[in-house]
Every structure is written in structure tokens, then in C-alpha cells.
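# What the coordinates show
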Amino acid sequence: MRVEAPVIGQELERLDGLWEDGLSETYRSYLGEVGAYDTATQPKLALAAALIEAGLRLQGLGGRAAPAAPLLMGDLCLARASRILADTASQTLQVAFARAIEELSAAAASGAAGRPVRELLVGALGAGR
């Protein structure tokens, strides 16, 4: 079991099933992107990025409106990620994540094809260093 397991478990409260439905793989992919950050911060930043990606997917951003339950779960993922970032990240990194989400939302609202979510979030992680 990894060192960050207690942190992850605590943050997944009320997000039943997401870890098994792919959040764990998404989290691991972001762990590879946070190496420039403080060791204690890395799991939290990776989880925040993974929760944002999952939240946007659950909301169906850029596609048909999601049914109520997945939409609310997506809202919970985004709120949890926001709180993790507020507790953990610099203001620069928080703004970089917000800009990535704004870009995705603007593209979806205009019907244009946006850049991939992961590309934007990895870019935000790089901008916040």
C-alpha cells in the first residue's frame, strides 16, 4: 500500500465507486506529473487533477447533458478538487487549474472541439511550479 493511501481514502468519502471506475488509473497518471512539487503535496495535487478530470467526464462537458445523479457526482468531484487545491496549492496553481476548466467550458459552450482535458490539466500543473 502506498504512503498516500490514507489521504486518498479520506478524500473519496461519498464518491463511491469512482476509484474502481477509473479514478485510480487517472490518479496514477497524474502522479507522474507532480514530481516537481513537495513530496507531501504530490498525492493531493494528483488527486485534485484526477477528480477534475472525472468530474468533467461525469458532467458530460461538451456532450449531452448528464442525468441528475452523474451530474451531481461530477459537481462533488469538482468541489472536492477545489477544496484540495485551496488547502494545498499556491494561488498560481489554483488559477492555472481554473483557467484550464474555463477553456474547456468555453469550448464546450461554443460547440468547438477543445483540447484534451488531461493536456490542459498537465499544463496547469506545469504552470503552477
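What comes next is a walk through the structure.

Procedures and definitions
- Residues numbered from 1 in each chain as written.
- Predicted model: local features only at pLDDT ≥ 70, side-chain atom pairs only at ≥ 80, totals over all residues.
- Heavy atoms only, no water.
- Helix = DSSP H or I, 4+ residues; strand = E, 2+ residues; numbered from the N terminus.
- Rg over C-alpha atoms; globule rule 2.2 N^0.38 Å.
- Buried < 20%, exposed > 50% of the residue type's maximum accessible area, 1.4 Å probe, protein only.
- Contact = heavy atoms within 4.5 Å.
- Areas by Shrake-Rupley, 256 points an atom, 1.4 Å probe, with all protein chains shown as cover.
- Core = buried A, V, L, I, M, F, W, Y, C linked by side-chain atoms within 4.5 Å.
- 1 Å grid on protein atoms, 1.4 Å probe; cavity = no way out; pocket = protein on both sides within 12 Å on 5 of 7 lines; lining within 4 Å.
- Points joined across faces, edges and corners; volume = space filled by probe spheres on them.
- Salt bridge = Lys/Arg side-chain N within 4 Å of Asp/Glu carboxyl O.
- Phe/Tyr/Trp six-rings, centres within 6.5 Å; stacked < 30°, edge-to-face > 60°.

Attention shifts here to the overall build of the chain. Tallying secondary structure elements over the chain gives 6 helices and 0 strands in all. Along the chain, from the amino end to the carboxyl end, the secondary structure elements read α-α-α-α-α-α. For 129 residues, the compact-globule estimate of 2.2 N^0.38 gives 14 Å, and the chain sits close to it at 14 Å. The dimensions of the chain, computed from C-alpha atoms along their principal axes, are 40 × 30 × 20 Å. The buried share of the chain, taken over its 129 residues, is 39%. Counting contacts in the chain only where the partners sit at least 6 residues apart, residues at least 24 apart contribute 64% of the total. A total of about 7,000 Å² of accessible surface is found on the chain, and carbon and sulfur atoms cover 54% of it.

Buried together is how nonpolar side chains tend to be arranged in soluble globular proteins. By size, the foremost hydrophobic cluster in this structure holds 35 residues, and its most contacted members are Leu45, Leu51, Phe97 and Leu125. Of all the elements in the fold, those that place two or more residues in this core are α2 (19-31), α3 (42-59), α4 (68-88), α5 (91-110) and α6 (117-127). It is α3 that provides the largest number of residues to this core, a total of 11 residues. Not counting residues within four places of it along the chain, the set of residues in contact with Leu125 comprises Tyr30, Glu33, Val34, Tyr37, Leu45, Leu93 and Phe97.

Once that is clear, we can look at the layout of surface pockets. Computed from the structure, the largest pocket encloses a volume of approximately 160 Å³. Lining of the largest pocket is provided by 13 residues; of these, Leu61, Gly62, Leu104, Ala108 and Gly114 occupy positions nearest its centre. Among the elements that make up the lining of the largest pocket, the one with the highest residue count is α5 (3 residues).

Throughout the structure, instances matching the rule amount to 5 salt bridges. The salt bridge involving Arg28 is made with Glu25; its shortest N-O contact spans 3.7 Å. With Arg28 and Glu25 both in helix α2, this residue pair falls 3 residues apart, about one helical turn. Judged by its relative accessible area of 45%, Glu25 falls in the partly exposed class. For the salt bridge of Asp87 with Arg83, the shortest nitrogen-to-oxygen distance reads 3.6 Å.

This part is about the packing of aromatic side chains. Inspection of the entire model under this criterion finds 1 aromatic pair. Where Trp19 meets Tyr27, the ring centres are 5.5 Å apart and the plane angle is 50°; that geometry is what we call tilted.

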